[in-house]
Amino acid sequence: MSTILDISHIDMVFPTDKGDFTALKDVSLKIDKGEFVSLIGHSGCGKSTVLNVVAGLYQASRGGVVLNGKEVNEPGPERAVVFQNHSLLPWLSAYQNVELAVKQVFGKQKTKAEMKEWIEYNLHLVHMDHAMHKRPDEISGGMKQRVGIARALAMQPDILLMDEPFGALDALTRAHMQDSLMEIQNELNNTVIMITHDVDEAVLLSDRIVMMTNGPAATIGEILDIDLPRPRNRLALAEDPKYVHLRSEVLTFLYEKQRKVEVIDTRKKTKPQFEKTSEKASSAFSGIESSESSSSETQQKKAG
Amino acid sequence: MSNTTPLIEESKDNIVWLDNTLDFVISSAKTLAIPFVGIVVFLILWSAAAQNVKTSLGQFPGPAQVWEQFGSLYSEHQTARQKEAAFYERQEVRNAKRVADDPSYEPKIRAYTGKETFLDQIVTSLVTVMSGFLLAAVIAIPLGIAIGLNKTLNAAVNPIIQIFKPVSPLAWLPLVTILVSALYVTEDPMVAKAFIVSMITVTLCCLWPMVINTSVGVASIDSDLVNVSRVLRLPALKHVQKIVLPASIPMIFTGMRLSLGIAWMVLIAAEMLAQNPGLGKFVWDEFQNGSSNSLSRIMAAVVVIGIIGFLLDRGMLLLQRWLSWDKASATR
């Protein structure tokens, strides 16, 4: 397979009142066509910054991004973004939201009928045919995210960038969305970069998991190849020793090698959190369970 | 036993029905009766207070005298309309006669030049306020969008807005009057100078809330929506049309409602001084007139001004509900 995206030696420095803040330091990554890559790391480690640089929403302070042999300097539809909180225009229906993108990207190439067909095809891909004329406030969070994905897919991007696409959804909906995404991926075989903080999600969906070190001056710590055969089934994988092993590798990286020390939290708070997650590593996989423990993590953080 | 059971059931049903009806009556009584009681108490206090106030124009009018004046204002309006109709009828008869005598005669109709009635003045006021308000909106909304999009422009324009915003219409009026007299010079004026002076004064005073609210609305658009526009590479004009304008519609409407309220308040003062034949002039003329009815007539005008102001605000709210996608912001 050929390299489609080359992120080379990126530094990202934000000027602040207290002087420069280095968010990213020397991040380099090559992504092949059709590859599904997850970026995982603790919050605040600069995962989103990497994605925003690739999207062209931020300009890297040093280094650059090359897509299909061309340097990325500004945002564009060939690098479609699925935002965390759907970012649908609330005054337009699902269909109109996708239409806005399709008209902008294919307005000159496709006829009206072709565009209509293409919009409906993409909404069908994400199983939104039944509610395509509803507005975002009339549909559920998961459905909004589906439309967001349909909008991105409809741009026919060279690479699809997903910024914690399922982070705001409940566990059952999230599992559902992951299955949908695998199904779409099976059909379209897009190149995808996805940011996530969910270990199970990363292992289930990815071809490679890129694990980032903690900021400031975050960079790529380890890269893990996920050579599980596709199509993947979450229930079958739960018992699969290889899956369990890969999963624990990610957990080890996150909670031992790059253990996040919260500034406010003292010994009391961080310790049970660590115990809980290592406990989780040995337990069998289930979408609900993992989210339960992750929600109790956040509760602990709040309590701290 | 078999006979009594259904009876008990039935009476139970009746009690439930009675309970429900009672609840309904009580709740609707609460929503309707309490404001009604408020108004009645206000009227009683007003009339009690009015009886104790003696002015140079006689006793201060109570609700009853004001109500009476509503009746006489309306009958004056009808009399004036009859006079007008009669005036035109006489002309037609006369013209028909002259044409019959001399077929080459081209009939002329002279316009009726009687005094405006109270209802005419209400219409004049409404036309003036809407013209001033629409002119302000046409200037303020594009300006607000430009300021909201461009931080440099905002920094440049903001001090000017902040300084002009609190200026009273009474300060603008002399300037506007002189300027209009100097610049609006035509042989055959389409509209009266007084109308233009009042309208421009209204515009100058109700411009600012719309500019400020529009610019704040535009500046506070969700950055994700702006990113969507950037990823799609929407051209500037399309960005404004597809993203900025719809996203800031709720804030624009808030500004428009504030502005319309200010416009209506300013209008009355402007009309008084500019002698635009609207409600402001009516109040001023009654004040100068100083008859025993004047105070009741002014009070009647005050009530009408209040009611129209309220209706304008409601109308704006209805328009917002109809046009804005964000129904939640249009509830108050």
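The structure reproduced in this document is the subject of the present report. Values in this document were obtained by computation on a predicted structure and should not be read as measured data.

## Focus: the overall build of chain A
No. 1: Helix and strand counts for chain A stand at 10 helices and 10 strands.
No. 2: The proportion of buried residues among the 304 residues of chain A is 51%.
No. 3: Sequence-distant contacts in chain A: of pairs separated by 6 or more residues, those separated by 24 or more amount to 69%.
No. 4: Accessible surface for chain A amounts to roughly 14300 Å². Of this, 51% is attributable to carbon and sulfur atoms.

## Quick word on the sheet that holds strand β1 (residues 3-16) of chain A
In sheet architecture, strand pairing relies on hydrogen bonds along the backbone and comes in two forms, parallel and antiparallel.
Residues and elements named next belong to chain A.
No. 1: Taken in spatial order, the four strands make up an open sheet running β2-β1-β4-β5, and their pairing is antiparallel. Strand pairing shows two members of the sheet lacking a second neighbour, β2 (19-32) and β5 (70-71), which therefore form its edges.
No. 2: For β1 and strand β4 (residues 62-67), the ladder comprises five bridges, and the chain directions are antiparallel. Among the inter-strand pairings, Asp6 is bridged to a residue of β4, identified as Val66.

## Here we look at the pairing of strand β7 (residues 159-163) of chain A
All names here are of chain A.
No. 1: In terms of residue burial, β7 counts as a mostly covered element, since five of its five residues are buried.
No. 2: The two faces of β7 match: Ile159, Leu161 and Asp163 on one face and Leu160 and Met162 on the other face are all buried.
No. 3: In this sheet, β7 lies alongside strand β6 (residues 79-82) in parallel orientation, the contact comprising four bridges. In the strand pairing of β7, Ala80 is matched with Leu160.
No. 4: The pairing of β7 with strand β8 (residues 192-196) spans four bridges and is classified as parallel. Paired with Leu161 across the two strands is Ile193, which belongs to β8.
No. 5: Remark: the β7/helix α5 (residues 171-188)/β8 crossover connection has right-handed handedness.

## Notes on the interface of chain A and chain B
No. 1: At the interface, 24 residues of chain A touch 17 residues of chain B.
No. 2: Counting the surface chain A buries against chain B, the share from its top three residues, A:Trp91, A:Leu100 and A:Gln104, is 35%.
No. 3: Viewed at the interface, chain B and chain A are joined by two salt bridges.
No. 4: Residue B:Arg233 pairs with A:Glu78 through a salt bridge whose shortest N-O separation is 3.8 Å.
No. 5: Inspection of the chain A/chain B interface yields seven residue pairs in polar contact (both at pLDDT 80 or more).
No. 6: Of all the secondary-structure elements, those providing two or more residues to the side of chain A that touches chain B are β6 and α2 (94-106) of chain A.
No. 7: Of all the elements, α2(A) adds the most residues to the side of chain A that touches chain B, at four residues.
No. 8: Residue classes in the side of chain A that touches chain B are distributed as 14 nonpolar, five polar and five charged.

## Regarding the sheet that holds β8(A)
Residue and element names in this part refer to chain A.
No. 1: Spatial ordering of the open sheet is given by β6-β7-β8-β3-β9-β10, a layout of six strands whose pairing is mixed. The sheet terminates laterally at β6 and β10 (220-225), the two strands that pair on one side only. Sheet twist, expressed as the average angle between the axes of neighbouring strands with direction ignored, equals 20 degrees.
No. 2: Contacts between helix α1 (residues 47-55) and the sheet are confined to β3 (36-40), β6, β7, β8 and β9 (208-212), with β7 contributing the most and set at about 150 degrees to the helix.

## Structural notes on a nonpolar patch on the surface
No. 1: A surface patch of nonpolar side chains, about 560 Å² in accessible area, is lined by B:Phe36, B:Val37, B:Val40, B:Val41, B:Ile44 and B:Leu45.
No. 2: Along the chain, the position of B:Ile44 falls in helix α1 (residues 4-51).

## A few points about the pattern of salt bridges
Note on pairing: side chains with opposite charge can pair once their charged atoms come close.
No. 1: In this structure the tally under the stated criterion is 22 salt bridges over all chains.
No. 2: Its salt-bridge partner being A:Asp11, residue A:Arg62 comes within 3.1 Å of it at the nearest N-O pair. Of the two residues, A:Arg62 sits in strand β4 while A:Asp11 sits in strand β1, which places them 51 residues apart along the sequence.
No. 3: Here B:Glu286 ties to B:Arg297 by a salt bridge, and the two come within 2.9 Å at their closest N and O atoms. Of this pair, B:Glu286 sits in helix α9 (residues 279-289) while B:Arg297 sits in helix α10 (residues 294-323); the two residues are 11 residues apart in sequence, bridging distant segments of the chain. For the pair B:Glu286 and B:Arg297, a shared accessibility class is recorded, and that class is buried.
No. 4: Each member of the salt-bridge network shares a partner with another, and the members are A:Glu74, A:Glu78, A:Arg79 and B:Arg233.

## Points about the packing of helix α5 (residues 169-183) of chain B against helix α8 (residues 236-274) of chain B
All names here are of chain B.
No. 1: One way to put it is that α5 packs onto α8 with a least axis distance of 10 Å and a crossing angle of 40 degrees. The angle between α5 and α8 places the two elements in the oblique class. The chirality of how α5 crosses α8 is right-handed. Two secondary-structure elements touch here, α5 through Pro169, Leu170 and Leu173 and α8 through Val266, Ala269, Ala270, Leu273 and Ala274.
No. 2: Of the residues that constitute the contact of α5 with α8, the class distribution is eight nonpolar, no polar and no charged.

## Digging into a positive patch on the surface
Residues and elements named next belong to chain B.
No. 1: Positive charge collects at one region of the surface, where Arg90, Arg94, Arg98, Lys108 and Arg110 lie side by side.
No. 2: Note that Arg90 resides in helix α2 (residues 63-101).
No. 3: Among the residues examined, Arg90 registers a relative accessible area of 48% and is labelled partly exposed.

## Some remarks on the packing of aromatic side chains
No. 1: Applying the stated criterion across every chain yields a total of 12 aromatic pairs over all chains.
No. 2: The residue whose ring lies beneath A:Lys110 is A:Trp118, and the NZ or CZ to ring-centre distance is 4.6 Å.

## Details of the side chain of B:His77
Residue and element names in this part refer to chain B.
No. 1: For His77, the position within the fold is in helix α2.
No. 2: Using a relative accessible area of 12% as the deciding quantity, one classes His77 as buried.
No. 3: A distance of 2.8 Å separates polar atoms of two side chains, one belonging to His77 and the other to Thr117.
No. 4: Setting aside residues up to four positions removed in sequence, His77 forms contacts with Thr117, Leu119 and Asp120.

What counts, and at which threshold
- Residue indices follow the written sequence of each chain, beginning from 1 at its first position.
- Both sets of labels track the order of writing: A upward for chains, 1 upward for ligands.
- Confidence filtering applies because this is a predicted model: local features only for residues at pLDDT of at least 70, side-chain atom pairs given and counted only at 80 or more, and all residues used for totals across whole chains, interfaces and linings.
- Computation of side-chain values covers all heavy atoms of the structure but excludes hydrogens and water.
- Working definition: helices are DSSP H or I runs of at least four residues, strands are E runs of at least two. Numbering for both runs from the N terminus.
- Throughout, exposure labels follow a simple rule: accessible area from a 1.4 Å probe, protein chains only, divided by the maximum for the residue type, with under 20% read as buried, over 50% as exposed, and the rest as partly exposed.
- Any two residues whose heavy atoms approach within 4.5 Å at even a single point are treated as in contact.
- Values of accessible area rely on a 1.4 Å probe in the Shrake-Rupley scheme; residue burial ignores everything except the protein chains shown.
- Following DSSP output, two strands are said to pair if at least two bridges run between them.
- Crossover handedness is defined by viewing with both strands directed away from the observer: a clockwise path from the first strand over the helix to the second marks the crossover as right-handed.
- A quick way to say it: buried area is the sum, across both parts, of accessible area lost when two parts are put together, with a 1.4 Å probe.
- For this document, the term salt bridge refers to a Lys or Arg side-chain nitrogen within 4 Å of an Asp or Glu carboxyl oxygen.
- Pairs of N or O atoms are called polar contacts if they sit within 3.5 Å, as long as, within protein, a hydrogen donor faces a hydrogen acceptor (for residues adjacent in sequence, only side-chain-to-side-chain pairs).
- Basically, the charged four are Asp, Glu, Lys and Arg, the nonpolar ten are Ala, Val, Leu, Ile, Met, Phe, Trp, Tyr, Cys and Pro, and anything else, Gly included, counts as polar.
- An axis is simply a line fitted to the C-alpha atoms; with a helix, the fit covers only the stretch in contact. Between two such axes, the angle follows the N-to-C directions and lies from 0 to 180 degrees.
- Note that patches include only residues with greater than 30% relative accessible area and no salt bridge, and the join distances are 9 Å for like charges and 5 Å for nonpolar side chains (Val, Leu, Ile, Met, Phe, Trp, Tyr).
- Roughly parallel here means an angle under 35 degrees, roughly antiparallel means over 145, roughly perpendicular means 65 to 115, and every remaining angle is called oblique.
- Should the near helix be turned counterclockwise from the far one by less than a right angle, the crossing is left-handed, whereas a clockwise turn marks it as right-handed.
- When charges are counted, Lys and Arg are positive and Asp and Glu negative, with His and the chain ends excluded.
- Charged side chains are reduced to one point each, which is NZ for Lys, CZ for Arg, CG for Asp and CD for Glu.
- The aromatic pairing rule takes the rings of Phe, Tyr and Trp, using the six-membered ring of Trp, and pairs them if the centres are within 6.5 Å, calling planes under 30 degrees apart stacked, those over 60 edge-to-face and the rest tilted.
- Distance and angle both matter: a charge sits over a ring if NZ of Lys or CZ of Arg is within 6 Å of the ring centre and within 35 degrees of the ring normal.

Take it as geometry only, folks, not as evidence of what the structure does.
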